[in-house]
Amino acid sequence: MATGSRRGANLALPEGPALGHNSAMPTIDPVLVKPFLGPLSGRFDVDSLEECDSTSSELSRRADRGAPSGTVVVADRQSAGRGRRGRNWLSSPEGSLTFSLLWRFSGPATRLTGLSLAVGVAVAQALEELGAAHVRLKWPNDVLLERAEGFAKLAGILVELSSDRRGTQAVIGIGLNLLAPAGDLLMPAAGLADDLPSLPDRHRLLAGLLGALADVLDRFDAGGFAAVQSEWQRRHAWQGRPVTILQDEAVECEGICLGVDSDGALLVETAVCIKRILSGDVSLRVR
Ligand code: ATP
Ligand code: BTN
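Cut-offs and rules
Residues numbered from 1 in each chain as written. Chains lettered and ligands numbered in written order. Predicted model: local features only at pLDDT ≥ 70, side-chain atom pairs only at ≥ 80, totals over all residues. Heavy atoms only, no water. Near = heavy atom within 4 Å. Polar contact = N/O pair within 3.5 Å; in protein donor to acceptor, adjacent residues only side chain to side chain. Areas by Shrake-Rupley, 256 points an atom, 1.4 Å probe, with all protein chains shown as cover. Nonpolar A, V, L, I, M, F, W, Y, C, P; charged D, E, K, R; others polar. Pairing = 2+ DSSP bridges. Helix = DSSP H or I, 4+ residues; strand = E, 2+ residues; numbered from the N terminus. Axes fitted to C-alpha atoms, helices over the stretch in contact; angles between N-to-C directions. Core = buried A, V, L, I, M, F, W, Y, C linked by side-chain atoms within 4.5 Å. Buried < 20%, exposed > 50% of the residue type's maximum accessible area, 1.4 Å probe, protein only. Domains from an automatic or database assignment.

Engineer: Before we go on, may I ask you to explain the site of ligand 1 in this structure?
Structural biologist: Close to ligand 1 lie 18 residues, the nearest being Arg84, Arg87, Asp142, Lys153 and Ser283. At a separation of 3.4 Å, an oxygen atom of ligand 1 approaches a polar side-chain atom of Arg85. Between ligand 1 and Leu90 there is a distance of 2.9 Å, counted from a nitrogen atom to a backbone nitrogen or oxygen. When isolated, ligand 1 has an accessible area of 620 Å², and the protein chains bury 95% of it. Tallied by class, the residues present in the shell around ligand 1 amount to 7 nonpolar, 4 polar and 7 charged.

Right, here's the structure in full:
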């Protein structure tokens, strides 16, 4: 059963302009996204909710009921926004853009190694097209902003795969901070407003992200992660920096971060060898 609530007659708060620091309750209107998507609009079916538990959970339920590739759920509020490994994702209607995209691939999930990295490339590409100049990528699923005072998390990507005999479906969840979130976070957080003179219209922003995703996912589908490896590498935050890999809070290895290979595996040069880390179930920390 769907748990989301669509924007509609019962809105408690007044609707403000589409986006802006002063808007009371920013809400995506799918009709207004279409013109920004242009010829790509036929590839996406956007549904905008005032609130749901998590756009990824909501989209997974819709996928189980047969929703087509290109279905998008965007929500102003998530009551249970999720990060990796059950972590919480903080968002607010004014300060965030939170959405999930369903994409279906033929073949098994093993074909899709590096997909969350490829999604990072798409997010960076879209934000750069809007003028952002300091977007960087951290393995495996973070989009960072490079600032004078150091790196801060700008967006998080959560890719959830499930396969059956027809192929593999990816629920791609993206949480983008428009404004730096308030809250107790492990790593500093930033907002897109920290890298642009003014925030773009929210519909234009979503369309830009979807357009870049269509481009990158098509290329990924045809050529795997190798098709976007150099684009990831170019934006890699910690290239050549000393890093520590943690597994369950314990140090797994230390070395110099060399970036990623054509499968999206992280390469770390330790004192004895070049370690290749494919599993995202580890934490990467710069030293
Ligand atoms: P790891 O490298 O261990 O994966 P991570 O900080 O990248 O560390 P993720 O699971 O990728 O961890 O991201 C979830 C984390 O992001 C949460 O634990 C929380 O600290 C942080 N977080 C939650 N909401 C936001 C937000 N809106 N902006 C930035 N960071 C957030
Ligand atoms: C992470 O950094 O761990 C990933 C965070 C992903 C957050 C987005 S917000 C939209 C979608 N819905 C969720 O519950 N999570 C993702």
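Past the structure itself, the notes keep going.
Engineer: Even after reading the chapter, I still don't get the sheet that holds strand β13 (residues 283–286), so can you show me in this structure?
Structural biologist: Strand pairing in a sheet is mediated by backbone hydrogen bonds. Such pairs are either parallel or antiparallel. Taken in spatial order, the 5 strands line up as β12-β11-β10-β9-β13 in an open sheet, and their pairing is antiparallel. In the strand order of this sheet, the two ends are held by β12 (274–277) and β13, each with one partner. The sheet shows a mean angle of 45° between the axes of neighbouring strands, taken without regard to direction. In this sheet, β13 lies alongside strand β9 (residues 242–247) in antiparallel orientation, the contact comprising 4 bridges. Looking at the pairing, Thr244 lines up with Arg285 of β13.

Engineer: Any chance you could explain the site of ligand 2 here in plain terms?
Structural biologist: In the vicinity of ligand 2 there are 21 residues, among which Ser54, Gln78, Arg82, Arg84 and Lys153 approach most closely. Arg82 places a main-chain nitrogen or oxygen 2.7 Å from an oxygen atom of ligand 2. Interatomic distance of 2.9 Å between a backbone N/O atom of Arg84 and an oxygen atom of ligand 2. When residues of the shell around ligand 2 are traced back to their parent elements, those giving at least two are α2 (55–64), β4 (96–105), β7 (150–164) and β8 (167–177). Broken down by element, the shell around ligand 2 gets its largest block of residues, 4 residues, from β7. Of the residues contributing to the shell around ligand 2, the split by class is 5 nonpolar, 12 polar and 4 charged.

Engineer: Explain the nonpolar core here, please?
Structural biologist: By size, the foremost hydrophobic cluster in this structure holds 71 residues, and its most contacted members are Leu97, Phe99, Leu127, Leu176 and Leu192. When residues of this core are sorted by domain, at least three fall in each of domain 1 (2–233) and domain 2 (242–286). In this structure, Leu49, Cys52, Ala63 and Leu102 belong to the second largest nonpolar core, which totals 9 residues.

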